[in-house]
Amino acid sequence: MKKVISVALTAAMVVGMGVSVLAATPSKTVADEVKASGSATVTGVLGIVSDVKVTAKEDTAETEEVLKDIVSNVDLQKAVGASEGKKETVDVTAAQPFEVQTSNLLDAANIELTVESKVIEAAYKENEEVVVLVAVPTTKADGTVTYTYQTVTGKVVNGKIVVSLKGRQVKSFGSNFTLVALKAIEG
Amino acid sequence: MNRKKQYRAAAALTVLVLAALLLFAGGSWLEKRSRKPETRTELPQETAETMEVDGVTYRRRTDLTTILVMGIDHDSEVEAEGSYQGGQADFQRLIVIDSKDKTVRQLKIDRDTMAEVTVLGMLGNPVGTTQMQISLAHGFGDGKEESCGYARDAVSRLLQGENIDFYLAMSLDGISVLNDLAGGVTVTLEDDFSAADPAMTRGTTLTLHGDQAEIFVRRRMDVGEGTNEARMVRQEEYLAQLSAQLESRVQQDQQFTAQVYDALQPYLVTDLAKGQLVNEVWAAKDDTVEPAITLEGEHKVAEDGFTEFYPTEDSIQKAVLALFWEPVEE
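What counts, and where the lines are drawn
Within any chain, residue numbers begin from 1 and follow the written order of that chain's sequence. Whichever chain is written first is A, and whichever ligand is written first is 1; the rest continue in order. Since the coordinates come from a predicted model, pLDDT governs what is reported: local features require at least 70, and pairs of side-chain atoms require 80 or more to be given and counted, while whole-chain, interface and lining totals use all residues. Labels follow the DSSP assignment, with helices taken as runs of H or I lasting at least four residues and strands as runs of E lasting at least two, numbered in each case from the N terminus. Counting other C-beta atoms within 10 Å of its own, a residue is labelled buried from 20 upward, exposed at 12 or fewer, and partly exposed in the gap between, with every C-beta atom placed from the backbone. It is the C-beta atoms, placed from the backbone, that decide contacts: two residues are in contact if theirs lie within 7 Å. Take the buried Ala, Val, Leu, Ile, Met, Phe, Trp, Tyr and Cys residues, join any whose C-beta atoms are within 7 Å, and the set you get is a nonpolar core. The span expected for a helix works out to 1.5 Å for each residue beyond the first. Here the arc refers to the directions that run from the helix axis out to each C-beta atom. Confidence scores labelled pLDDT are given residue by residue by the predictor and lie between 0 and 100. In this description, strands pair whenever DSSP reports at least two bridges between them. Fitted lines through C-alpha atoms serve as axes, helices being fitted only where they are in contact, and the angles separating the N-to-C directions of these axes extend from 0 to 180 degrees.

1. Some words on the overall build of chain A
Looking only at helices and strands, chain A features 7 helices and 8 strands. Expressed as a percentage of its 187 residues, the buried residues of chain A come to 40%. Contacts in chain A between residues at least 24 apart in sequence constitute 79% of all its contacts with a sequence separation of at least 6.

2. With respect to the overall build of chain B
If you tally the helices and strands in chain B, you get 8 helices and 16 strands. Taken across its 330 residues, chain B has 45% of its residues classed as buried. Contacts in chain B between residues far apart in sequence, at least 24 positions, make up 66% of those at least 6 positions apart.

3. Some remarks on the nonpolar core
With 88 residues, the main nonpolar core has Val180(A), Ala181(A) and Ala151(B) as its most contacted residues. Setting aside chain neighbours within four positions, we find Val180(A) in contact with Val66(A), Ile70(A), Val92(A), Ala95(A), Val132(A), Leu133(A) and Ala135(A). Listed in part, the 17 residues of the second largest apolar core include Phe193(B), Met200(B), Tyr238(B) and Leu239(B).

4. Describing helix α8 (residues 313-324) of chain B
Residues and elements named next belong to chain B. Compared with the 16 Å implied by 1.5 Å per residue over 12 residues, the 16 Å span of α8 between its first and last C-alpha is a close match. Considered for burial, the residues of α8 that qualify are Ala319, Leu323 and Phe324. End-on, the buried residues of α8 take up no more than an arc of 95°, which puts them together on one face. The elements touched by buried residues of α8 are β2 (56-60), β3 (64-73), β4 (88-98), β5 (103-109), β13 (293-294) and β16 (325-327).

5. Thoughts on the confidence of the model for chain A
Of all residues in chain A, 76% have pLDDT values of 70 or greater, and the mean over the chain is 78. pLDDT under 50 marks residues 1-25 of chain A. Its contacts with residues more than four places away, or in other chains, come to 51 contacts.

6. Let's talk about the sheet that holds strand β1 (residues 50-53) of chain B
Each strand in a sheet pairs with its neighbour through backbone hydrogen bonds, running either in the same direction (parallel) or in the opposite one (antiparallel). Residues and elements named next belong to chain B. The sheet built from 3 strands is open, its strands ordered β1-β2-β16 with antiparallel pairing. Each of the sheet's edge strands pairs with one partner strand only, and the pair in question is β1 and β16. Within this sheet the neighbouring strands show an average axis-to-axis angle of 35°, counted without direction. Of the strand pairs in this sheet, β1 and β2 are connected by 4 bridges, and their pairing is antiparallel. Note that in β2 the partner of Glu52 across the bridge is Thr57.

7. Brief notes about unusual backbone geometry
Residues and elements named next belong to chain B. You will see that Lys102, though not glycine, has its phi angle at about 55°, which is positive. Looking at where Lys102 falls in the secondary structure, it is placed in the loop between β4 and β5. Owing to 14 C-beta atoms within 10 Å, Lys102 belongs among the partly exposed residues under this scheme. Phi at Gln160 is positive, roughly 55°, even though this residue is not glycine. When you line up the elements, Gln160 lands in the loop between α2 (145-158) and β8 (166-171).

8. A closer look at the pairing of strand β15 (residues 307-311) of chain B
Residue and element names in this part refer to chain B. Bridge analysis of strand β14 (residues 297-301) against β15 gives 5 bridges, and the strand direction is antiparallel. By the bridge assignment, His299 is partnered in β15 with Phe309. A loop of 5 residues connects β14 with β15, the two strands running antiparallel in sequence, and Gly305 in this loop sits at a positive phi of about 90°.

9. With respect to the environment of Val69(B)
Locating Val69(B) in the fold gives a position in strand β3. Along the chain, Val69(B) and Phe166(B) lie 97 residues apart, while their C-alpha atoms are 8.6 Å from each other.

10. Brief notes about the pairing of strand β7 (residues 126-133) of chain B
Residues and elements named next belong to chain B. Of the pairings in the sheet, the one linking strand β6 (residues 114-120) to β7 comprises 7 bridges and is antiparallel in character. Bridging from a neighbouring strand, Glu116 pairs with Gln131 of β7. Hairpin connection from β6 to β7: 5 residues lie between these consecutive antiparallel strands, with Gly124 at a positive phi of about 95°.

11. Quick word on the confidence of the model for chain B
Considering every residue of chain B, the mean pLDDT works out to 79; 74% of them sit at 70 or more. Note that residues 1-15 of chain B has pLDDT below 50 and, in this model, 42 contacts with residues that lie over four places away or in other chains.

12. Comments concerning the environment of Ser172(A)
All names here are of chain A. By the secondary structure assignment, Ser172 is in helix α7 (residues 167-173). The exposure class assigned to Ser172 is partly exposed, which follows from the 13 C-beta atoms found within 10 Å. Through-space distance from the C-alpha of Ser172 to that of Val136 is 9.2 Å; in sequence the pair is 36 residues apart.

Written as structure tokens, this is what we have:
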């Protein structure tokens, strides 16, 4: 039977609306999904004797500051090792601040930092090597903060970026630093 | 927070319904304006293809126009900043207009359907895809055309790569505008809304203006019994009244539809030109409308507490066949 679309489709919309409203439960937002989280472990015998605590922080302001600085001051193409003349787009898949509290971290101790998020899950394949910048803040006498960057390599394990460091590296970073994972996009 | 999300979801859906009403009003206006029926825009047609499923040969339908309609949980005045604030498409429906068969087919898409979604890096570039709730696809990007494109891609991937011609997305805050353009809707309040507006006390008959319309259709938790069901009854009454008033205004004034279009423009994102949109709806006004298809599958609550809907492959296949293919008669 022919129906006038305005009536039928309106009715369908109303019914659809009703069903959806009934089913209204908390739904995830993109912010929930892309938020990175981190963890740290000190492994091995030297880890036992080391007195160290490394924790991932939820510091949005610090993350934003690092991102702003990277966009302004860092040659991301150079950071990912793009060959000269090859135009690759480079993006940041995660920026995760860490805090280190240590009194006796041995240089040879093994420290694993892990960062995970849906962006990481989407961006990399399992076992893929990931270029990670370590943003180390320095506060000047006038209170302004500047960042220096070191490049380390992470690896994707079980969908998470794992960065394996030695105690001496972590000590060189200081008590606060942010891991910034990069992704080169071809084309 | 959850309450707010629920209000916003309901409102987004309401806006969408209102948008539909508007389009139909637009069609009516064209009917009065022109003695000749408008012809539908000719679109590039798919090459005839066939495929066999369970021993049945299917041929791709031709003369299809597909429109992804979305209700966005996002205020139009809020500019998206960064890569992740486009707003969720909490309401999604695919409308397939078959001009050859004079039939309109629809697919309801649960916002929690798990699908391959394009994910952006923190600097705004697509870095890959991963599985997440399909409503989030629109959340990546600028909240405008870019976000709609990602939403369309996600639905296309869900439907085995079928092409979607156009999208039409409306933000939730157009309700009050449409209400006022219709001259305000007169209602008798069965419940007390005075917590939101002192004039909206139980038993009062009043013509809703401005934010009152939004309060009337969105408010729930502190109104009456506070259930979704009660709010739905309210919404349907409101929509019926609004629909009648819009139709009346269109009949009185041919320019009314154009005014409404202009007024709603800030709340609408579409890649379908205004005239084309009206033409499509107008051309399909007498078509047979088939009941909307719903994907079958399983709802789960994930470890993070959010709902996930996993449609079955069989269900997706059936939907694709019903929407885009037809059995070849022996």
